[in-house]
Amino acid sequence: MRKPRVKKIHWIPVVAGLLKKDKKILVGQRPENHSLAGLWEFPGGKIEIGESPEQALARELNEELGIEADIGQLKLACTHSYGDVGIVILFYEVNYWKGEPKAKHHLMLEWIYPQELKLRPIPEANKKILGDIYKALGV
């Protein structure tokens, strides 16, 4: 008797940066031509082969925001699945950075108070752990 074939989930490792300034956090609105278009997210992206998560986040912040960032501690890790694609998200504190963040990838960037996150359309992966995100931000 053969076991039913289970569809294998494809996992994508992702890093996100928690940038804080004057009690506000930086979020970006996803561009129209990408998945989850229009949703607000923390800047970051996929970890490439051969990169550490910290290297990936520094690269992504440079590509997306045009800044040179000093990556701090891992504050939170979670998983989520969008259909048959699973993501592992590692949220890192960003200690400081050189340059002013610019929307090179996102439609727009905004500095918001953490409490405003619950009023924004955000990815399901973030929505389900909002309490943990607030803890990681010290809110």
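Above this text sits the structure in question.
Reference entry: report on the structure contained in this document. All values derive from a computational prediction rather than experimental measurement. (Residues numbered from 1 in each chain as written. Predicted model: local features only at pLDDT ≥ 70, side-chain atom pairs only at ≥ 80, totals over all residues. Heavy atoms only, no water.)

Focus: the environment of Leu119
Then comes step 1: Within the secondary structure, Leu119 is located in the loop between strand 8 (109-112) and helix 2 (124-127).
Then comes step 2: A relative accessible area of 71% places Leu119 in the exposed class.
Then comes step 3: Spatially, the C-alpha atom of Leu119 lies 21 Å from that of Gly44, the residues being 75 residues apart in sequence. (Helix = DSSP H or I, 4+ residues; strand = E, 2+ residues; numbered from the N terminus. Buried < 20%, exposed > 50% of the residue type's maximum accessible area, 1.4 Å probe, protein only.)

Re the side chain of Arg120
Then comes step 1: By the secondary structure assignment, Arg120 is in the loop between strand 8 and helix 2.
Then comes step 2: Given the relative accessible area of 18%, Arg120 is considered buried.
Then comes step 3: Not counting residues up to four positions away in its chain, the partners in contact with Arg120 are Trp40, Glu110 and Ile112. (Contact = heavy atoms within 4.5 Å.)

Some thoughts on the sheet that holds strand 6 (residues 68-82)
Then comes step 1: A sheet is described by the order of its strands in space; here four strands give the open sequence 5-1-7-6, paired in mixed fashion. Each edge of the open sheet carries a strand with a single partner, namely strand 5 (44-46) and strand 6. In this sheet, adjacent strand axes meet at a mean angle of 20° when their direction is disregarded.
Then comes step 2: By the bridge criterion, 12 bridges tie strand 6 to strand 7 (residues 85-98) in an arrangement that is antiparallel. Bridging across to strand 7, Ile71 finds its partner in Val94.
Then comes step 3: Across the sheet, helix 3 (residues 130-137) is in contact with strand 1 (10-18), strand 6 and strand 7; its angle to strand 6 comes to roughly 165°. (Pairing = 2+ DSSP bridges. Axes fitted to C-alpha atoms, helices over the stretch in contact; angles between N-to-C directions.)

Describing the nonpolar core
Then comes step 1: Formed by 23 residues in total, the largest nonpolar core has its most connected members in Ile25, Val27, Phe42, Ile89, Phe91, Leu117 and Ile133.
Then comes step 2: Listed by contribution, the elements that provide at least two residues to this core are strand 1, strand 3 (24-29), strand 6, strand 7 and helix 3.
Then comes step 3: A total of five residues in this core trace back to one element, the largest contributor, which is helix 3.
Then comes step 4: Counting 15 residues, the second largest nonpolar core, distinct from the first, contains Leu19, Ala56, Ile71 and Val94. (Core = buried A, V, L, I, M, F, W, Y, C linked by side-chain atoms within 4.5 Å.)

Some remarks on the pattern of salt bridges
Then comes step 1: Enumeration according to the criterion identifies 10 salt bridges in this entry.
Then comes step 2: Residues Arg59 and Glu51 are paired through a salt bridge, measuring 2.5 Å at the closest nitrogen-oxygen approach.
Then comes step 3: Here Glu110 and Arg120 are joined by a salt bridge, their closest N and O atoms 2.8 Å apart. One end of the pair, Glu110, is in strand 8; the other, Arg120, is in the loop between strand 8 and helix 2, with 10 residues separating them in the sequence. (Salt bridge = Lys/Arg side-chain N within 4 Å of Asp/Glu carboxyl O.)

Some points on the packing of aromatic side chains
Then comes step 1: Counted by the stated rule, this structure contains two aromatic pairs.
Then comes step 2: Where Phe42 meets Phe91, the ring centres are 5.9 Å apart and the plane angle is 90°; that geometry is what we call edge-to-face. Pair noted here: Phe42 is in the loop between strand 4 (40-41) and strand 5 and Phe91 is in strand 7, with a separation of 49 residues, a long-range link.
Then comes step 3: For Phe42, a relative accessible area of 6% translates into the label buried.
Then comes step 4: Judged by centre distance (6.0 Å) and plane angle (20°), the ring pair of Trp97 and Trp111 falls under stacked. Here Trp111 lies in strand 8 and Trp97 lies in strand 7, a separation of 14 residues in the sequence.
Then comes step 5: Among the residues examined, Trp111 registers a relative accessible area of 22% and is labelled partly exposed. (Phe/Tyr/Trp six-rings, centres within 6.5 Å; stacked < 30°, edge-to-face > 60°.)

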